[in-house]
Amino acid sequence: MAKPFKTLDDMGDITGKRVLVREDLNVPMQDGAVSDDTRLRAAMPTINELSDRGAKVLVLAHFGRPKGQPSAEFSLEKIAGPLSHVLGRPVRYIDWEGDAAAIESLQPGDIAVLENTRFFGGEEKNDPAVVARFAKLGNLYVNDAFSAAHRAHASTEGLAHVLPAFAGRAMEKELDALTAALGSPVKPVAAVVGGAKVSTKLDVLTNLMSKVDHLIIGGGMANTFLAARGVDVGKSLCEHDLAETAEKIMNAADAAGCTIHLPYDVVVAKEFAANPPSVRTCNVHEVAADEMILDVGPSAVEALGDVLKTCKTLVWNGPLGAFEIAPFDTATVALARTAAALTREGSLVSVAGGGDTVAALNHAGAAADFTFVSTAGGAFLEWMEGKDLPGVTALMAA
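Every residue gets a number counted from 1 within its own chain, in the order that chain's sequence is written. Side-chain atom pairs in this predicted model are given and counted only at pLDDT of 80 or more, local residue features only at pLDDT of at least 70, and totals for whole chains, interfaces and linings cover all residues. Only hydrogens and water are set aside when side-chain values are computed; all heavy atoms of the structure are taken into account.

- The protein goes by Phosphoglycerate kinase in an unreviewed UniProt entry, where it is assigned to Sphingobium subterraneum.
- UniProt positions are given in the numbering used here, feature names are shortened, and annotations may be inferred rather than shown by experiment. Its UniProt record gives the protein a comment under Subunit (unreviewed entry), which states: "Monomer."
- In its Catalytic activity (unreviewed entry) section, the UniProt record describing the protein reads: "(2R)-3-phosphoglycerate + ATP = (2R)-3-phospho-glyceroyl phosphate + ADP".

Below is the structure:
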């Protein structure tokens, strides 16, 4: 099936061409060293392929929040070495001063990291002057940074309008997975949406109810929905002022033929601490005034597992409980492992994303078996909200 965007397969002969590649190199640092190279490894397929095809690869990226002011603290010079190690080939660093001469000296197959795009104040404003400044350095443009695609910046959106634009391999993989999850999924579709507050996921819930058959709500969010149904949730985290909103969401979901699943048994405790002596499992109607709901109960988790067994597609964002502390990770781990097993056997396409989600699935040992796990964070959440992502829209129009 033809894709609505061009990929590296559509580039033709690029020997000697200067290719500007937008990557996400905004990696965490600790004591001057990269503490997590996930984003560097994600960039490897695109950069190495372009290099192998004889392109002069010029990597564009941001690092931190320099607010338009160059500084050693936010220089990408410190990332060139770690990126070279991951790629298994040399990577040059090119400052913005004298960049034209440095780029002119590159040979086919060479790779260089350009300085932080956010050293230009107009980068985040998508200033046409900054777009032109970047564009004159390259012949072609590749966007491989889905995690930055929800921002209309010069290096993520503007360049796609002035140079021939293509999706990199990581971007292509992400967009293919998201299309399979919500764009044109195999039904029935289930969505797991967790998190602390309904207020942060209103747009997600509103968008999903018209797209999925089963909406599984967990985390502190579930308490707000339970309270809206008249359940006394004790001293649980709950947005009581959103009871009417929760009621409207449930009514709209019902009208759309979407079944909302809330826990009917829960794990409660009188204090939020690891393995507290007061922890117990009870029916949602038996939560005491001095107790808080911290996880979904085992009976509800088993029932949710049965729901997933009837589905063909799953989208997951957010944990079911306070998974950071035992034993309140039990429900998230159990349901994640069920989803992973169904994916392994080929009966479920599972796509997950969001910071807490990635951590929770890794904690469960289930991430590797999901069809796709996005590390994009904000971009993934905005996609779940049904919003257009400027960086993606620009590729579609290219």
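Having seen it, we continue.
A word on the domain arrangement of the protein
Part 1: An automatic or database domain assignment provides the domain bounds reported here. Considered domain by domain, the protein is made up of domain 1 (8–171 + 390–397) and domain 2 (185–365).
Part 2: The distance between the C-alpha centroids of domain 1 and domain 2 comes to 38 Å.

What to know about the sheet that holds strand E8 (residues 165–167)
Part 1: Pairing in this open sheet of six strands is parallel, and the strands run E5-E6-E4-E1-E7-E8 from one edge to the other. Sheet topology places strand E5 (92–94) and E8 at the edges, where each strand pairs with a single neighbour. Neighbour-to-neighbour, the strand axes of this sheet turn through a mean angle of 30°, independent of strand direction.
Part 2: Of the strand pairs in this sheet, strand E7 (residues 140–143) and E8 are connected by three bridges, and their pairing is parallel. Looking at the pairing, Asn-143 lines up with Ala-167 of E8. Whether two strands pair comes down to DSSP finding at least two bridges between them. A run of H or I in DSSP counts as a helix once it spans at least four residues, and a run of E counts as a strand once it spans at least two, with each numbered from the N terminus. Every axis in this analysis is a line fitted to C-alpha atoms, fitted for helices over the stretch in contact. Angles between the N-to-C directions lie between 0 and 180 degrees.

Overview of the packing of aromatic side chains
Part 1: When the centres of two rings from Phe, Tyr and Trp lie within 6.5 Å, Trp using its six-membered ring, the rings pair. Their planes under 30 degrees apart give stacked, over 60 give edge-to-face, and anything left gives tilted. In the structure shown here, the tally under the stated rule is five aromatic pairs.
Part 2: With centroids separated by 6.2 Å and ring planes inclined at 70°, the aromatic side chains of Trp-316 and Phe-370 adopt a geometry described as edge-to-face. Within this pair, whereas Trp-316 is found in strand E15 (residues 313–317), its partner Phe-370 is found in the loop between helix H11 (355–364) and strand E17 (372–374), the two being separated by 54 residues in sequence.
Part 3: Per-residue accessibility, obtained with a 1.4 Å probe over protein chains only, is compared with the maximum for each type, and a residue is labelled buried under 20%, exposed over 50%, and partly exposed between these values. The exposure class assigned to Phe-370 is buried, which follows from its relative accessible area of 5%.
Part 4: With a centroid separation of 5.3 Å and an interplanar angle of 50°, the aromatic rings of Phe-380 and Trp-383 are classed as tilted. One end of the pair is Phe-380 and the other is Trp-383, both in helix H12 (residues 378–384) and three residues apart, which spans about a single turn. An identical accessibility class is assigned to Phe-380 and Trp-383; each is buried.
Part 5: Each member of the aromatic cluster is reached from another via a ring pair, and the members are Trp-96, Phe-120 and Phe-134.

A few points about the pattern of salt bridges
Part 1: Salt bridge, as applied in this entry: a Lys or Arg side-chain nitrogen positioned within 4 Å of an Asp or Glu carboxyl oxygen. Summed over all chains, the structure comprises 19 salt bridges.
Part 2: With a closest N to O distance of 2.9 Å, Arg-169 and Glu-172 form a salt bridge. Of this pair, Arg-169 and Glu-172 both sit in helix H5 (residues 169–183), three residues apart, which is roughly one turn of the helix.
Part 3: Overlapping salt bridges, with partners in common, bring together Lys-3, Asp-9, Glu-49, Arg-53, Arg-169, Glu-172 and Asp-176 in one network.

Some words on the side chain of Asn-126
Part 1: Tracing the sequence through the fold places Asn-126 in the loop between strand E6 (111–114) and helix H4 (128–135).
Part 2: It only takes one pair of heavy atoms within 4.5 Å for two residues to be counted as in contact. When neighbours within four sequence positions are excluded, Asn-126 is seen to be in contact with Val-131, Ala-152, His-153, Ala-154, Glu-157 and Gly-158.

Side note on the packing of helix H9 (residues 298–309) against helix H10 (residues 330–344)
Part 1: Contact pair H9 / H10: the axes reach a minimum separation of 10 Å and the direction vectors enclose 20°. With respect to each other, H9 and H10 are oriented roughly parallel. Viewed along their axes, H9 and H10 form a crossing whose handedness is right-handed. Mapping the contact onto sequence places Val-301, Leu-304, Gly-305, Leu-308 and Lys-309 in H9 and Ala-331, Ala-334, Leu-335, Thr-338, Ala-339 and Leu-342 in H10.
Part 2: Amino acid classes used here: Ala, Val, Leu, Ile, Met, Phe, Trp, Tyr, Cys and Pro are nonpolar; Asp, Glu, Lys and Arg are charged; the rest, including Gly, are polar. Looking at the contact of H9 with H10 residue by residue, the class counts come to eight nonpolar, two polar and one charged. An angle below 35 degrees is treated as roughly parallel, one above 145 as roughly antiparallel, one from 65 to 115 as roughly perpendicular, and anything else as oblique. Each crossing gets its handedness from the near helix: less than a right angle anticlockwise from the far helix is left-handed, clockwise is right-handed.

Some words on helix H1 (residues 38–52)
Part 1: Taking 1.5 Å per residue as the helical rise, H1 with its 15 residues ought to reach 21 Å, and the 22 Å between its terminal C-alpha atoms agrees with that figure.
Part 2: At Met-44, H1 shows its maximal kink, close to 40°; a proline, Pro-45, follows between one and four residues later.
Part 3: Looking at H1, one finds that the buried residues are Leu-40, Ala-43, Thr-46, Ile-47, Asn-48, Leu-50 and Ser-51.
Part 4: Contact partners of the buried residues in H1: strand E1 (18–22), strand E4 (56–60), helix H2 (77–87), E6, E7 and H5.
Part 5: Positive backbone phi, approximately 90°, marks Gly-54, located one or two places after H1. To estimate how far a helix should extend, the number of its residues minus one is multiplied by 1.5 Å. Note that bend, as reported per residue, equals the angle between axes fitted to the 7 residues terminating at that residue and the 7 residues originating from it.

Regarding the UniProt feature "binding site: ATP" (unreviewed entry) in the protein
Part 1: If you check UniProt for "binding site: ATP" (unreviewed entry), the listed places come out as Lys-201, Glu-324, Gly-354, Gly-355, Asp-356 and Thr-357 in our numbering.
Part 2: In this structure Glu-324 comes out as exposed when scored by relative accessible area, which is 56%.
Part 3: Mapped onto the fold, Gly-355 is located in helix H11.

Some remarks on the UniProt feature "binding site: substrate" (unreviewed entry) in the protein
Part 1: Within this numbering scheme, the UniProt entry marks Asp-24, Leu-25, Asn-26, Arg-39, His-62, Phe-63, Gly-64, Arg-65, Arg-118 and Arg-151 as carrying the feature "binding site: substrate" (unreviewed entry).
Part 2: Counting through the fold element by element, Arg-39 comes out in helix H1.
Part 3: In this structure, Arg-39 is in contact with Asp-24, Asn-26, Val-27 and Thr-375, ignoring residues within four places of it in sequence.
Part 4: Whenever a nitrogen or oxygen atom comes within 3.5 Å of another N or O atom, the pair is scored as a polar contact, on the condition that within protein one atom can donate a hydrogen and the other can accept it, and that pairs from neighbouring residues in sequence are kept only if both atoms are in side chains. Polar contacts involving the side chain of Arg-39 include one to the side chain of Asp-24, which spans 3.2 Å.
Part 5: Looking at the secondary structure, you find Phe-63 in the loop between E4 and H2.
Part 6: Excluding residues within four positions of it along the chain, Phe-63 makes contact with Leu-25, Asn-26, Val-27, Met-29, Glu-73, Phe-74, Ser-75, Leu-76, Lys-78, Ile-79 and Asn-116.

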